[in-house]
Amino acid sequence: MSVFSSTSAASVTPVTSSTGYTGRFAPSPTGPLHLGSLVAAMASYLDARAHQGRWLLRIEDLDFDRNVADADRHILHSLQRCGMHWDGEVSWQSQRQPLYEQALEQLATQVYPCSCSRKEIADSRLRAGVAASQVYPGTCRTGLAPGKTARAWRLRVPDGEAAVFQFEDRLLGAQTQDLASEVGDFVLKRADGFWAYQLAVVVDDAAQGISHVVRGADLLDSTARQCYLQQLLGLPRPAYLHVPVVNNADGEKLSKQTGALAFDRGDNDLLQDALLPAARFLGLHISPSANNLNAFWDNATAAWAQQIALHQAHQADQLHQQQKQQP
Ligand SMILES: [Zn+2]
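Note that the structure is a prediction, hence the values are computed from the model and not measured. (Residues numbered from 1 in each chain as written. Predicted model: local features only at pLDDT ≥ 70, side-chain atom pairs only at ≥ 80, totals over all residues.)

Caption draft 1: Representation of the packing of helix 1 (residues 35-50) against helix 9 (residues 293-325) in the model. Two elements in contact, helix 1 and helix 9, have axes whose closest approach is 9 Å; the angle formed by their N-to-C orientations is 85°. Here helix 1 is positioned roughly perpendicular relative to helix 9, judged by the angle of their axes. Facing Leu46, Asp47, Arg49 and Ala50 of helix 1, the residues of helix 9 in contact are Ala300, Thr301, Trp304, Ala305 and Ile308. Looking at the contact of helix 1 with helix 9 residue by residue, the classes come out as 6 nonpolar, 1 polar and 2 charged. (Axes fitted to C-alpha atoms, helices over the stretch in contact; angles between N-to-C directions. Helix = DSSP H or I, 4+ residues; strand = E, 2+ residues; numbered from the N terminus. Parallel < 35°, antiparallel > 145°, perpendicular 65-115°, else oblique. Contact = placed C-beta atoms within 7 Å. Nonpolar A, V, L, I, M, F, W, Y, C, P; charged D, E, K, R; others polar.)

Dropping the structure here:
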């Protein structure tokens, strides 16, 4: 029996967390929630509940070209219909832009203007024989070419060993990325004037006291960049856990672009249509008797806590085996 299974519905959404755990779900308002986004939301919600922590909701609406009118309102409504209750006020990144400006100023000595268009970057990769690479070739690192104007602002990544970032993923274990060879100097403020995701997410996670980030594995690749920004800005590094992403039949990540459908059609049964399939995807065994939202969440929270505990025990066991094999 899990220690979390006795958690009552009333005690799971405290205004302040006695455990120091603060998690969050941070959807972009580019359309209604689909099963893929629900899986990420569910994982972060269950992890917060299992830790008796807080769960915040942040709307990541900085890409004004992709925002869809009213999508944020629909997302909030769907979460409520699912019985997922967030703590405190919802925040919108579009209302927090002075914070990002401040962070950019703080990084001034490591940031430089870049005049490159997408095509110029692709061309210089081609010339360097690394056409398939996603790495910025560093064209503007030593200053803009004469007659060129700044389009974006890039952060200089370290060279050599200082570029290698390591972090522990609670599910996937030790992760390593060499920012110099795998990422290159990355954009903090985009050519269209919008704040880049990497900067905003780091600033907000710290400002909101996020201790645990639980999100989709499509963002695993961003984590080292975020660790580097945390280091430069003197911000704490949260714990990370990345859950698998849901793919469609063609093996593409579910998204609005790949035609993912809203799971909330207004009057359908979200327990059957959305919550149980998302829990199944996360490998959670839900008792057939959990036939209402409260019972589902109690059941799912216990199952999540048990799964995490088993996983940690397995990892500790593996570490122990490795240590035994060393002379
Ligand atoms: Zn450039």
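Caption draft 2: Structural context of helix 7 (residues 223-233). For helix 7, the complete set of buried residues consists of Thr223, Ala224, Arg225, Gln226, Cys227, Tyr228 and Leu229. In the core, the buried residues of helix 7 are packed alongside strand 6 (164-169), strand 7 (173-178), helix 5 (179-182), strand 8 (186-189), helix 6 (197-207) and strand 10 (239-243). One or two residues past the end of helix 7 sits glycine 234, with phi positive at roughly 65°. (Buried ≥ 20, exposed ≤ 12 C-beta atoms within 10 Å, placed from the backbone.)

Caption draft 3: Just the packing of helix 6 against helix 7, in detail. In contact at an axis separation of 9 Å, helix 6 and helix 7 are set at 55° when each is read in the N-to-C sense. On the basis of the axis angle, helix 6 is oblique to helix 7. Crossing geometry of helix 6 relative to helix 7 is assigned as right-handed. Mapping the contact onto sequence places Gln198, Leu199, Val201 and Val202 in helix 6 and Arg225, Gln226, Leu229, Gln230 and Leu233 in helix 7. (Left-handed = near helix turned anticlockwise from the far one by under 90°.)

Caption draft 4: Structural detail: the domain arrangement of the protein chain. Here the protein chain is partitioned into domain 1 (3-94 + 248-325) and domain 2 (96-245). Placing a centre on the C-alpha atoms of domain 1 and another on those of domain 2 gives a separation of 26 Å. Between domain 1 and domain 2, the residue contacts involve 23 residues of the former and 20 residues of the latter. Listed by contribution, the elements that provide at least two residues to the side of domain 1 that touches domain 2 are strand 1 (22-25), helix 1, strand 2 (54-59) and helix 9. Element by element, the count of residues in the side of domain 1 that touches domain 2 is highest for helix 1, at 6 residues. Among the residues forming the side of domain 1 that touches domain 2, the class breakdown is 8 nonpolar, 10 polar and 5 charged. (Domains from an automatic or database assignment.)

Caption draft 5: Seen up close, the UniProt feature "binding site: L-glutamate" (unreviewed entry) in the protein chain. With numbering matched to this structure, UniProt assigns "binding site: L-glutamate" (unreviewed entry) to Arg24, Phe25, Ala26, Pro27, Ser28, Glu60, Tyr197 and Arg215. With respect to the helices and strands, alanine 26 occurs in the loop between strand 1 and helix 1. Judged by local crowding, alanine 26 falls into the buried class, with 24 C-beta atoms found within 10 Å. When residues no more than four places from it in sequence are discounted, the contact partners of alanine 26 are Arg58 and Glu60. Within the secondary structure, tyrosine 197 is located in helix 6. The buried category is assigned to tyrosine 197, around which 21 C-beta atoms lie within 10 Å. (UniProt positions renumbered as here; feature names shortened; annotations may be inferred.)

Caption draft 6: Examining the sheet that holds strand 4 (residues 111-114) more closely. A sheet is described by the order of its strands in space; here 3 strands give the open sequence 4-5-8, paired in antiparallel fashion. Whereas interior strands pair on both sides, the edge strands pair on one side only; in this sheet they are strand 4 and strand 8. Geometrically, the sheet is characterised by an average inter-axis angle of 45° between neighbouring strands, direction not taken into account. (Pairing = 2+ DSSP bridges.)

Caption draft 7: A look at the nonpolar core. Residues Leu38, Val39, Ala41, Met42, Tyr45 and Ala300 are the most contacted members of the largest nonpolar core, which totals 46 residues. When residues of this core are assigned to their parent elements, the largest contribution, 10 residues, is made by helix 1. Residue contributions to this core reach at least three from each of two domains, namely domain 1 (3-94 + 248-325) and domain 2 (96-245). Filtering out sequence-adjacent residues up to four positions away, alanine 41 remains in contact with Phe25, Leu79 and Met84. Listed in part, the 28 residues of the second largest apolar core include Ala103, Tyr136, Phe165 and Val183. (Core = buried A, V, L, I, M, F, W, Y, C linked by C-beta atoms within 7 Å.)

Caption draft 8: Inspection of unusual backbone geometry at higher detail. Positive phi outside glycine occurs at glutamine 52, with the angle close to 50°. Inspection of the secondary structure assignment puts glutamine 52 in the loop between helix 1 and strand 2. We classify glutamine 52 as partly exposed; it has 17 C-beta atoms within 10 Å.

Caption draft 9: Structural detail: helix 6. Along helix 6, 8 of the 11 residues are buried, which leaves the element largely enclosed by surrounding structure. Among the residues of helix 6, Tyr197, Leu199, Ala200, Val201, Val202, Val203, Asp204 and Asp205 are the ones counted as buried. At its buried positions, helix 6 is contacted by strand 2, helix 3 (97-106), strand 8, strand 9 (212-216) and helix 7. In the stretch just after helix 6, glycine 209 is the one whose phi turns positive, near 65°.

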